[in-house]
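Structural overview
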Amino acid sequence: MYKSEYLNCLLEKVKKQYQNEIEFIQAVEEFFDSMDILLEKHPEIVDTQVIDRIIYPERVFEFRIPWVNDQNKIEVNTGYRVQFNSAIGPYKGGMRFDKSVNLSILKFLGFEQTFKNSLTGLPMGGGKGGADFDPIGKSDGEIMRFCQAFMSELYHFIGPDMDVPAGDLGFGAREVGYMYGMLKKLTHLHQGSFTGKGISFGGSLGRTEATGYGVCYFAEEMLKTYLNTSFKDKKVIISGCGKVARYAIKKAWSLGAKIIGVSDRYGCIIDENGLDVDYIFNISANTGCCSKEYHEKYPTAFYSTNVKDLWNTKHQVDIIMPCATQGEINLEDAKSIKENGCFMLVEGANMPVDLPAIRYFNESGIIFAPGKAANAGGVAVSGLEMSQNAMHLSWTFEEVDEKLQGIMKDIFKKCYEISKEYNQPKNLAMGANIAGFLKVFDAMKQEGVI
């Protein structure tokens, strides 16, 4: 499949060793697409065997989490922390609470996080963690007891110079607060071992908005560079109803876009004349959903319980930003997206587009931005939070937002310059993989075989 026999052998080894880890294998395969191009120009990289090492996590922790529910019954979940790569800094990456969580998902997220963090230019390695715990329908008391039970095991493995977790799907400011409180009780230390903390105890202004805003800042650079245009009057579809999607909707709209479609776990709504963004933002913040409520207030808007209808709409779409979760868009969806006139797709979630669809976008002329570059705004501001904690400072929202914009512009520039160097100026996935890899590669080479 690849021109490099070295990569073919390595991929075969990964597929055999981790045959049931579908998400992780896809992440490795997508990365190898770019490495195949890099190795043609720099075959000497093979001799260092850094790629052999970089695709394996440095360590993985798996542990049981017994906790007591509101009926005073004991429940047990499985917790994980994947410390993937620390070549350029302490492990850094979110915690995910969802019933879908397994080792494959966390390994793919940790692997992607390694290159995402590298692209920010900040000294952060890659990691990810979480549990197969579903917070939906749980009381605050149950969530607090679960978080405390989780931290009683996790605290052994984290610290500001070792591993700094943050939020992710199902794990927001509330969960960070409960876990950080338990961490202080166990260690007797008030330290920056978490990001995404509340403002009152060391959090950063702008962190809540960072990923969604960052996706739009990255997209702005794409529009300016490739098409000499802006968001103004562009018809945009954004999937998801969580924090990333909400703030991407808000920022894109403030930049002049017309938001014509959104989704949540119950379905999707579409209106080619533009949706009521203020209403969507408010109800999604309160309920975590928006489609049913929106349709009740605006019955003329198209509503479907099939989320896939978001991609199959026959309305003209200019830009699509999938911000829900992994595996949202497959090859058939990609073909529908192309038919609707979409010219740009920007990942707000982690790997929402599968590999055949990514390859199709690149072949069909749709400008594709991978999540490891476009959604790096969240971890970038997490890095800024770590800096504020270390210096005992607090920056204003405007200061943080200005730094975020600068970081996202710089990430785009790195990806674009690499893609131009390899004569594929619209292949930002390749640019992101190679740019992210080269920094980690250089550090691993200098640090020796460890």
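As a reminder, the structure under discussion sits directly above these lines.
Throughout what follows, the structure given in this document is the object of discussion. Predicted model only: the values in this text are computed from it and were never measured.

One open sheet accounts for 7 strands, arranged 9-8-7-6-10-11-12; its pairing is mixed. Both outer strands of the open sheet, strand 9 (302-304) and strand 12 (367-369), are each paired with one neighbouring strand and no more. Ignoring strand direction, the axes of neighbouring strands in this sheet form an average angle of 10 degrees. Note: strand 7 (residues 258-264) against strand 8 (residues 267-270), 4 bridges, orientation antiparallel. By the bridge assignment for strand 8, Asp264 is matched with Gly267. Lying over the sheet, helix 8 (residues 207-227) contacts strand 10 (319-322), strand 11 (344-346) and strand 12, oriented at roughly 155 degrees with respect to strand 11.

As for its placement among the helices and strands, Asp36 is situated in helix 2 (residues 22-41). This buried residue, Asp36, is left without a salt bridge; Lys3 holds the nearest opposite charge, at 6.2 Å. For Asp36, the side chain forms a polar contact with the main-chain nitrogen of Ser4, separated by 2.9 Å. Aside from chain neighbours lying at most four places away, what touches Asp36 is Tyr2, Lys3, Ser4 and Leu7.

A full pass over the atoms with the stated rule returns 19 salt bridges. The salt bridge involving Lys308 is made with Asp333; its shortest N-O contact spans 2.5 Å. Here the residue Lys308 occupies a position in the loop between strand 9 and helix 12 (309-312), and Asp333 occupies one in helix 13 (residues 331-339), the gap between them amounting to 25 residues. Overall, Lys308 belongs to the partly exposed group, its relative accessible area being 28%. Linked by salt bridges that have partners in common, Glu29, Asp33 and Arg359 make up one network.

Attention now goes to helix 8. With 21 residues, helix 8 extends 30 Å between its outermost C-alpha atoms, agreeing within 8% with the 30 Å of an ideal straight helix rising 1.5 Å per residue. The largest bend along helix 8 measures about 35 degrees and falls at Tyr213. Burial of helix 8 is extensive: 16 of the 21 residues sit out of reach of the surface. Among the residues trailing helix 8, Asn228 stands out with phi positive, at a value near 50 degrees.

What counts, and where the lines are drawn
Residues numbered from 1 in each chain as written. Predicted model: local features only at pLDDT ≥ 70, side-chain atom pairs only at ≥ 80, totals over all residues. Heavy atoms only, no water. Pairing = 2+ DSSP bridges. Helix = DSSP H or I, 4+ residues; strand = E, 2+ residues; numbered from the N terminus. Axes fitted to C-alpha atoms, helices over the stretch in contact; angles between N-to-C directions. Contact = heavy atoms within 4.5 Å. Buried < 20%, exposed > 50% of the residue type's maximum accessible area, 1.4 Å probe, protein only. Lys, Arg positive; Asp, Glu negative; His and termini not counted. Salt bridge = Lys/Arg side-chain N within 4 Å of Asp/Glu carboxyl O. Polar contact = N/O pair within 3.5 Å; in protein donor to acceptor, adjacent residues only side chain to side chain. Expected span 1.5 Å × (residues − 1). Bend = angle between axes of the 7 residues up to and from the residue.

Functional significance is not addressed by these values, which are geometric in nature.
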